[in-house]
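Each chain, letter by letter, is given below.
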Amino acid sequence: MNLHLELLSDRDRYTWDSMVKTNPHSCFMQSWTWADFKELQGYKTWRYGLFCGQDSTPECTSENLAGGCIFYLYPQLGGANILLAAGGAILSPEWAAMGMPLLLEAAEQLACEYSASFNTSIIALRIEPLWESKPQWLPADFVRSPADLMPTETLLIDLQLTPDQLLAQMQSKGRYNLRLSWRYGVTTEFRQDDAAIALFYDLFWETSQRQNFFGEPFGFFINLCQTLFPANMAEIAIASWQGETLAAILVIYWGDRCTYLYGGRNVKHPHVMASYAMHWSAMQRAKARGCKIYDFYGFTTEPNHPYFRFSRFKQQFGGAIAKTIGAYDYVFYDRLADTIIGLLEKL
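Residues numbered from 1 in each chain as written. Predicted model: local features only at pLDDT ≥ 70, side-chain atom pairs only at ≥ 80, totals over all residues. Heavy atoms only, no water.

Draft legend 1. The arrangement of the overall build of the protein chain in detail. When helices and strands are counted, the protein chain shows ten helices and 15 strands. Against the compact-globule benchmark of 20 Å for 347 residues, the protein chain has a radius of gyration of 21 Å, which places it among compact chains. Each principal axis of the C-alpha atoms in the protein chain carries an extent, and together these give about 60 × 40 × 35 Å. Split into buried and exposed, the 347 residues of the protein chain put 52% on the buried side. Of the contacts formed within the protein chain by residues at least 6 apart in sequence, a portion of 72% connects residues at least 24 apart. When the accessible area of the protein chain is evaluated, it comes to approximately 16400 Å², of which 51% is carbon and sulfur surface. On the protein chain, the mean spot of the 28 positive side-chain charges and the mean spot of the 35 negative ones are 11 Å from each other. (Helix = DSSP H or I, 4+ residues; strand = E, 2+ residues; numbered from the N terminus. Rg over C-alpha atoms; globule rule 2.2 N^0.38 Å. Buried < 20%, exposed > 50% of the residue type's maximum accessible area, 1.4 Å probe, protein only. Contact = heavy atoms within 4.5 Å. Areas by Shrake-Rupley, 256 points an atom, 1.4 Å probe, with all protein chains shown as cover. Lys, Arg positive; Asp, Glu negative; His and termini not counted. Charge placed at Lys NZ, Arg CZ, Asp CG, Glu CD.)

Draft legend 2. Expanded view of the pairing of strand 15 (residues 328-331). Of the two faces of strand 15, both are covered, the one formed by Tyr328 and Tyr330 as well as the one formed by Asp329 and Val331. Note that strand 6 (residues 121-128) and strand 15 share four bridges and pair antiparallel. Considered in strand 15, the bridge of Ile127 is made with Tyr328. With two bridges joining them, strand 7 (residues 143-144) and strand 15 adopt antiparallel strand pairing. Its bridge partner being in strand 15, Arg144 is matched across the sheet by Tyr328. (Pairing = 2+ DSSP bridges.)

Draft legend 3. Layout of the pattern of salt bridges. A full pass over the atoms with the stated rule returns twelve salt bridges. Ionic pairing is found between Glu189 and Arg191, a salt bridge with its closest N-O pair at 3.4 Å. One continuous salt-bridge network, built from bridges that share partners, spans Asp10, Arg13, Asp36, Glu39 and Arg47. (Salt bridge = Lys/Arg side-chain N within 4 Å of Asp/Glu carboxyl O.)

Draft legend 4. Highlighting the nonpolar core. In this structure, Trp34 and Leu250 are the most contacted members of the largest nonpolar core, which totals 45 residues. Ranked by the residues each element gives to this core, the list is headed by helix 6 (residues 194-211), at six residues. In this structure, Trp34 is in contact with Phe28, Met29, Tyr72, Leu224, Leu228, Ile252 and Leu261, ignoring residues within four places of it in sequence. (Core = buried A, V, L, I, M, F, W, Y, C linked by side-chain atoms within 4.5 Å.)

Draft legend 5. View of unusual backbone geometry. A cis amide bond links Gly88 to the next residue, Ala89, at an omega of 5°. Topologically, Ala89 is positioned in the loop between strand 4 (80-86) and strand 5 (90-91). Phi is positive for Asn212, which is not a glycine, with a value near 60°. One can find Asn212 in the loop between helix 6 and helix 7 (218-228). Its identity is not glycine, yet His269 carries a phi of approximately 50°, on the positive side.

Draft legend 6. Summary view of the packing of helix 6 against helix 7. Close contact between helix 6 and helix 7 brings their axes to 10 Å; oriented N to C, the two are set at 140°. As summarised for this structure, helix 6 and helix 7 are arranged oblique, according to the angle between their axes. Regarding helix 6 and helix 7, the two cross each other, and that crossing is right-handed. For the pair helix 6 and helix 7, the contacting residues are Asp194, Ile197, Ala198, Phe200, Tyr201 and Phe204 in the first and Phe218, Phe221, Ile222, Cys225 and Gln226 in the second. Partitioned by chemical class, the residues of the contact of helix 6 with helix 7 number nine nonpolar, one polar and one charged. (Axes fitted to C-alpha atoms, helices over the stretch in contact; angles between N-to-C directions. Parallel < 35°, antiparallel > 145°, perpendicular 65-115°, else oblique. Left-handed = near helix turned anticlockwise from the far one by under 90°. Nonpolar A, V, L, I, M, F, W, Y, C, P; charged D, E, K, R; others polar.)

Draft legend 7. Representation of the environment of Lys38 in the model. Looking at where Lys38 falls in the secondary structure, it is placed in helix 2 (residues 32-40). By relative accessible area, which is 15% here, Lys38 ends up buried. Residues contacting Lys38, with those up to four places away along its chain left out, are Tyr43 and Tyr72.

Draft legend 8. Structural detail: the side chain of Ser240. Within the secondary structure, Ser240 sits in strand 10 (residues 234-241). Ser240 gets classed as buried once you look at its relative accessible area, which sits at 15%. Apart from the residues within four sequence positions on either side, Ser240 is in contact with Gly185, Val186, Thr187, Thr245 and Leu246.

Draft legend 9. Broad picture of the sheet that holds strand 9 (residues 187-191). If you trace the seven strands from one edge of the open sheet to the other, you get 9-10-11-12-13-8-14, paired in mixed fashion. Both outer strands of the open sheet, strand 9 and strand 14 (320-323), are each paired with one neighbouring strand and no more. Between one strand axis and the next, the sheet turns by 30° as a mean value, whatever way the strands run. Relative to strand 13 (residues 293-295), strand 8 (residues 153-158) runs antiparallel, the two sharing three bridges. Looking across to strand 13, one finds that Leu156 is bridged to Asp295. Strand contacts of helix 6: strand 9, strand 10, strand 11 (244-254) and strand 12 (257-265), with the helix running at about 65° to strand 12, the strand carrying the most contacts.

Draft legend 10. The pairing of strand 2 (residues 44-53), seen in detail. Among the ten residues in strand 2, nine count as buried, and that is most of the element. Note that strand 1 (residues 2-7) and strand 2 share six bridges and pair antiparallel. Counted as the bridge partner of Leu3 is Cys52 from strand 2. The pairing of strand 2 with strand 3 (residues 65-73) spans eight bridges and is classified as antiparallel. Paired with Lys44 across the strands is Leu73, a residue of strand 3.

This is the structure we're talking about:
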């Protein structure tokens, strides 16, 4: 049986997405629609599929698509660039040892050709599958990256539990605050329209300024929502009390997982605990859509970690901590490896 690597075309979208959704070590960042969104953000993308079969040019079907990777590049002319693969590479266990070298060969060739054509330099590939341990078949030249694209630790809520079981596994303070929000009558609505993007962004920006973290510009969310809404991959949840909007979150639906990606709230009426009612409603909404996991996307128990101030709130919902190994870099040019690793640390 052979394994071949091919560039995918738009007609392969459905088959590709079907494979990615069922792979436990990938995520929405390897979806076709997410790649479309990143292109709006100025990224170049290359979508490669690994095919098994006797034919050297097999048709893209769920039977012979054995893996692949969407590579992302944000080109900086004249500087050092890295080819990125958040949530990738995607490799089924039986084809991993044979498939990874093919993906590496394609990435290196792509780097050489692009660098020569556009007066830039792609020096490395950074992969970030959601592995819990480094597989033996991964080439030793892959080294731990100095920067991750995604959180390596997160908190997962099991949506297969009944509402009573979900309540029971919450911390007592969280359960108390949630019931308080219900008594006050906090409501949550889920929307996919442009007006909701503006409502969400006002709260997100206010929160980023108040808590002093980097906040993406409004155009980022316009592109994200206007790409993911038509694909029914995302929604904005808005929590209100007595006609006032108090909190909002943006969630991504992908496979059996709902991921809480961004959020914000204002400082009005903190006693009604709007964020508790909102996340509980988001979990019930995801459960109704067939999701089995609610991913809080970023968690830590380390007091000095930037995520710590948000993690205390998330922890009130119970759940299980999940850890992945983070990003790994493969430097394309061996003789320059030490110099390039030094550059990577500064990017």
